[in-house]
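Per-entry structural report
What follows is each chain in one-letter form.
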Amino acid sequence: MTLPSSPVLQALKKSASSMANRNTPFVHNEWYVAAFAQEVSREFLPRILLGKRVVLFRTETGQAVALSDRCAHRAYPLSLGKLDGDTIVCGYHGFRFNTEGNCIEVPSSSKCPKDLGVARYKVAERGPLVWIWMGDPEQADESRLPEHEWLCDESAWATSSGYFNLQSNYVSMHENLLDLTHLSFLHAATFGTPDYARAEFRSEIGPGYFALHRDVVPTTLPALWAKPTGLEGCATAARIVKSEFKSPAFHQVNVSFYDSKLPEQDRQVSRIKTAHILTPQTRSSCHYFIVHGRDFGLDDDTITGFMHEHLFKAFQEDVDGMAALEQVWDTTDPDDMYEISVASDGPSVAMRRYLKQRADAEAAARAAPDASVQAASTAGLPRHKAETA
């Protein structure tokens, strides 16, 4: 057997201890997606977000509201009550709460007790997404939303979207998205190609930002990309990929396709972007929102349908693969578990260390909430790009 020697195994475990995993506390001081905008209506939408029960709804004027889904009286789910105007009436004992989360009526009492209410979470609606801030409300700065303007630009990008309830921790899924070497194997039957894993790559690592670039040139594109881009049968196609972690909630994959044998000025470049949006539900599950966009064939619904069908078959492979990985972690003795990293894991390792540092800093801030510790809890937040490593 070629198991790691005891000293190597200890070194691997020491390295792993600095990286986030399924047991690492969530990073709360960050914007996460609570729902697609079309999901939030005058009907209650209950969700578990970062381990907390939340109920979402819209006011009569259309504003999205997010409250703790737990009555302050006996913890009955508010989502099982009713919406009366812009107030929630608990379905257990009729306590009434306004959009601020304040209790404004107790039917069995002539006077409503003061300082009785539930948590209200700040939300920000941008295009197809409703974002939520689950951490310190004083830090809920909307300028910290990850850049995703293309999602709101219908004139330049044709999009389709979908959702999975992913039975995996969000850290593993971010790692899956950051190193797409697995396309040659996990996605061999859908949009992977044998040459993908062996193509040259380069890393980009900066404060709160991690990316892996891979240029697969020349290549023959799978049907999913070849057919809509007009590159069917082309053995000199280019597949230029950039996978980037933008925040604990948001990952984006950018790809350009063209015929590499043509001079640059004669190339017809087709571009796609895919937003992979992860909101932890529990430590072993998360909400997985996906929005896919393209900048070609904008008015052709047949392309939209074709790409959506085949893409989501591939994304299902990720969902199944991550669930299998989660089961291994769940059924393996910690003393027997170790991980070995290789060069292409560089951005993933840096990302996991970043998440661990963020989680540890927030824990320290909660334990000792003075100004210096609070400042440390938001260190490394800028999303600007780093120099290519």
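Residues numbered from 1 in each chain as written. Predicted model: local features only at pLDDT ≥ 70, side-chain atom pairs only at ≥ 80, totals over all residues. Heavy atoms only, no water.

Secondary structure summary: the chain contains six helices and 17 strands in total. In terms of overall size, the chain behaves like a compact globule, its C-alpha atoms giving a radius of gyration of 23 Å where 389 residues would be expected to give roughly 21 Å. If you line up the chain on its principal axes, its C-alpha atoms span 80 × 60 × 40 Å. Within the chain, the proportion of its 389 residues that are buried is 51%. In the chain, the share of contacts with a sequence separation of at least 24, taken over all contacts with a separation of at least 6, comes to 60%. Carbon together with sulfur atoms contributes 51% to the accessible area of the chain, which is approximately 18200 Å² in total. The averaged location of the 49 negative side-chain charges in the chain is 5 Å from the averaged location of its 39 positive side-chain charges. (Helix = DSSP H or I, 4+ residues; strand = E, 2+ residues; numbered from the N terminus. Rg over C-alpha atoms; globule rule 2.2 N^0.38 Å. Buried < 20%, exposed > 50% of the residue type's maximum accessible area, 1.4 Å probe, protein only. Contact = heavy atoms within 4.5 Å. Areas by Shrake-Rupley, 256 points an atom, 1.4 Å probe, with all protein chains shown as cover. Lys, Arg positive; Asp, Glu negative; His and termini not counted. Charge placed at Lys NZ, Arg CZ, Asp CG, Glu CD.)

Moving on, we come to a nonpolar patch on the surface. A grouping of L3, Y338 and I340 is seen on the molecular surface, where their side chains present a nonpolar patch of about 300 Å² in accessible area. On the secondary structure map, Y338 appears in the loop between α4 (301-331) and α5 (346-367). (Patch = residues over 30% accessible without salt bridge, like charges linked within 9 Å, V, L, I, M, F, W, Y side chains within 5 Å. Salt bridge = Lys/Arg side-chain N within 4 Å of Asp/Glu carboxyl O.)

Attention now moves to the state of the cysteines. Taken as a whole and judged by the stated rule, the model has zero disulfides. C71 carries a free sulfur, and the closest cysteine sulfur to it, the one in C90, is 3.8 Å from it. A relative accessible area of 4% means that C90 is categorised as buried. (Disulfide = S-S within 2.5 Å.)

For the coordinates displayed, the defined rule picks out 22 salt bridges. Of the charged contacts in the structure, one is a salt bridge between D330 and R22, with a shortest N-O distance of 3.6 Å. Remark: R22 occurs in the loop between α1 (6-16) and β1 (31-36) and D330 occurs in helix α4; sequence separation between them is 308 residues. On the accessibility criterion, R22 (15% relative accessible area) is buried. Among the ionic pairs, R352 bridges to E339, the shortest N-O distance being 3.2 Å. Pair noted here: R352 is in helix α5 and E339 is in the loop between α4 and α5, with a separation of 13 residues, a long-range link. A relative accessible area of 26% places E339 in the partly exposed class. One salt-bridge network, held together by shared partners, links R22, E326 and D330.

Glancing now at the packing of aromatic side chains. Under the definition given, this model contains 16 aromatic pairs. We note K227 situated over the ring of F306; from NZ or CZ to the ring centre the distance is 4.9 Å. (Phe/Tyr/Trp six-rings, centres within 6.5 Å; stacked < 30°, edge-to-face > 60°. Lys NZ or Arg CZ within 6 Å of the ring centre and 35° of its normal.)

In terms of residue burial, strand β13 (residues 209-219) counts as a mostly covered element, since eight of its eleven residues are buried. Two elements, strand β12 (residues 201-206) and β13, share six bridges in a ladder whose sense is antiparallel. Counterpart to I205 in the pairing with β13 is F210. Counted along the chain from β12 to the antiparallel partner β13, the turn is two residues long, and its residue G208 has a positive phi close to 70°. Relative to strand β14 (residues 237-247), β13 runs antiparallel, the two sharing eight bridges. Pairing of D215 across the sheet is with I240, part of β14. (Pairing = 2+ DSSP bridges.)

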